[in-house]
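# Chain and residue survey
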Amino acid sequence: MNLEEKKKKLKEITKRVANCKKCPLYKNTTQSVPGEGNPQAEVMFIGEGPGYWEDQQGRPFVGRAGKLLDNLLQLIKLPRKSIFITNIVKHRPPGNRDPLPQEIEACREFLDAQIEIINPKIIITLGRFSLNKFLPGEFISKIHGQARFVEFGGRKKVVIPMYHPAAALRNEGIMKELKSDFQKISKFLESFSFKEEDKEKETDKQLSFL
Ligand code: SF4
């Protein structure tokens, strides 16, 4: 899919999300937050759901957690405009509560379509809800910062689970872990070949950059 096709398809998703009433989350929100970034991103970040500022601005990760994410990206010299950032659910859960399983399921088609269109090499999950999408039953405290291969939509993907920046803002220990995990992204981008044949060979192999 070329760049123009990707842009067109992503715009279609944005429109569908803006008009979506598949779950009750759209009620009492200011607007939808479909996600944003480079349609050809090699790295895609997936968080949980929009918070207050995201709901106000219609953009993902623009509040305090977003500022931290920006700082972490600067730390590893990965420009925000080079990546794509989105969430598991595209409307803000009331009072920033956790999204419910039925809401995540209702919203799944939009995220799945974004992943298919962008086709990133690396997916960074931020927090336990996006972790559970790709690696159900795993615990973030055990596998954060480790790269894993998963099959998604018939394609092999590298998934690196990380703590959510909001959790790091509440806990200094998690902040340290998150910074350390971020350093591994650039190492990973530098050191691993993403040729299709290499991906095949590496299937099911767990990679750790500790
Ligand atoms: S959260 Fe997702 S499924 Fe629910 S209304 Fe918004 S776009 Fe639709």
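We now turn to the structure provided with this report. (Residues numbered from 1 in each chain as written. Predicted model: local features only at pLDDT ≥ 70, side-chain atom pairs only at ≥ 80, totals over all residues. Heavy atoms only, no water.)

For the rest of this paragraph, the subject is the overall build of the protein chain. Regarding its fold elements, the protein chain presents nine helices and seven strands. Taking 17 Å as the expected radius of gyration for a compact globule of 210 residues, we find that the protein chain reaches 16 Å, a close match to that expectation. Principal-axis analysis of the C-alpha atoms places the extent of the protein chain at approximately 45 × 40 × 30 Å. The buried share of the protein chain, reckoned over its 210 residues, is 51%. (Helix = DSSP H or I, 4+ residues; strand = E, 2+ residues; numbered from the N terminus. Rg over C-alpha atoms; globule rule 2.2 N^0.38 Å. Buried < 20%, exposed > 50% of the residue type's maximum accessible area, 1.4 Å probe, protein only.)

Turning to the pattern of salt bridges, a few remarks are in order. Tallying each qualifying case throughout the model produces 15 salt bridges. Between Glu109 and Lys22 there is a salt bridge; the shortest N-O distance is 2.6 Å. Taken as a pair, Glu109 in helix α4 (residues 101-118) and Lys22 in the loop between α1 (3-18) and β1 (36-37) lie far apart in primary sequence, 87 residues in all. One salt bridge in this structure joins Glu105 and Arg108, with 3.1 Å as the shortest N-O distance. In this pair, Glu105 and Arg108 both sit in helix α4, three residues apart, roughly one turn of the helix. Among the ionic contacts, a cluster of salt bridges with common partners joins Glu36, Arg59, Asp70 and Arg80. (Salt bridge = Lys/Arg side-chain N within 4 Å of Asp/Glu carboxyl O.)

In the region of the ligand, the neighbouring residues are Cys20, Lys22, Cys23, Leu25, Tyr26, Lys90, His91, Ala106, Cys107 and Phe110. Partitioned by chemical class, the residues of the shell around the ligand number seven nonpolar, one polar and two charged. (Near = heavy atom within 4 Å. Nonpolar A, V, L, I, M, F, W, Y, C, P; charged D, E, K, R; others polar.)

Structurally, Ser32 is set in the loop between α1 and β1. The class for Ser32 is buried, based on a relative accessible area of 12%. With residues up to four places along the chain from it excluded, the contact list for Ser32 reads Val17, Ala18, Gly58, Lys90 and His91. (Contact = heavy atoms within 4.5 Å.)

Next up on the list: the pairing of strand β2 (residues 43-47). The buried count for β2 comes to five of five residues, which makes it a mostly enclosed element. Here β2 shows two buried faces, one formed by Val43, Phe45 and Gly47 and the other by Met44 and Ile46. Relative to strand β3 (residues 84-87), β2 is paired through four bridges, and the arrangement is parallel. Directly across from Met44, in β3, lies its bridge partner Phe84. (Pairing = 2+ DSSP bridges.)

As a further point, take the packing of aromatic side chains. Working definition: an aromatic ring pair is given by the centre-to-centre distance plus the angle between the planes. Under the defined criterion, the tally for this structure stands at three aromatic pairs. The interplanar angle of 85 degrees and the centroid separation of 4.9 Å between the aromatic rings of Tyr52 and Trp53 together place this pair among those described as edge-to-face. Given a relative accessible area of 49%, Trp53 falls into the partly exposed group. Arranged with centres 5.3 Å apart and planes meeting at 55 degrees, the rings of Phe134 and Phe152 form a pair that is tilted. Residue Phe134 is found in helix α5 (residues 128-134), and its partner Phe152 is found in strand β5 (residues 146-152); the two are separated by 18 residues along the sequence. Considered together, Phe134 and Phe152 belong to a single accessibility category, that of buried residues. Across from the ring centre of Phe134, 6.0 Å away, lies the NZ or CZ of Lys133, which sits over that ring. (Phe/Tyr/Trp six-rings, centres within 6.5 Å; stacked < 30°, edge-to-face > 60°. Lys NZ or Arg CZ within 6 Å of the ring centre and 35° of its normal.)

Attention now goes to the pairing of strand β6 (residues 155-162). When you tally the buried positions in β6, you get seven out of eight residues, the bulk of the element. Here strand β4 (residues 122-126) pairs with β6 via five bridges, running parallel. Paired with Ile124 across the strands is Ile160, a residue of β6. The pairing of β5 with β6 spans five bridges and is classified as antiparallel. By the bridge assignment for β6, Phe149 is matched with Val158. The turn linking β5 back onto β6 is made up of two residues, and Gly153 within it adopts a positive phi angle of 55 degrees.

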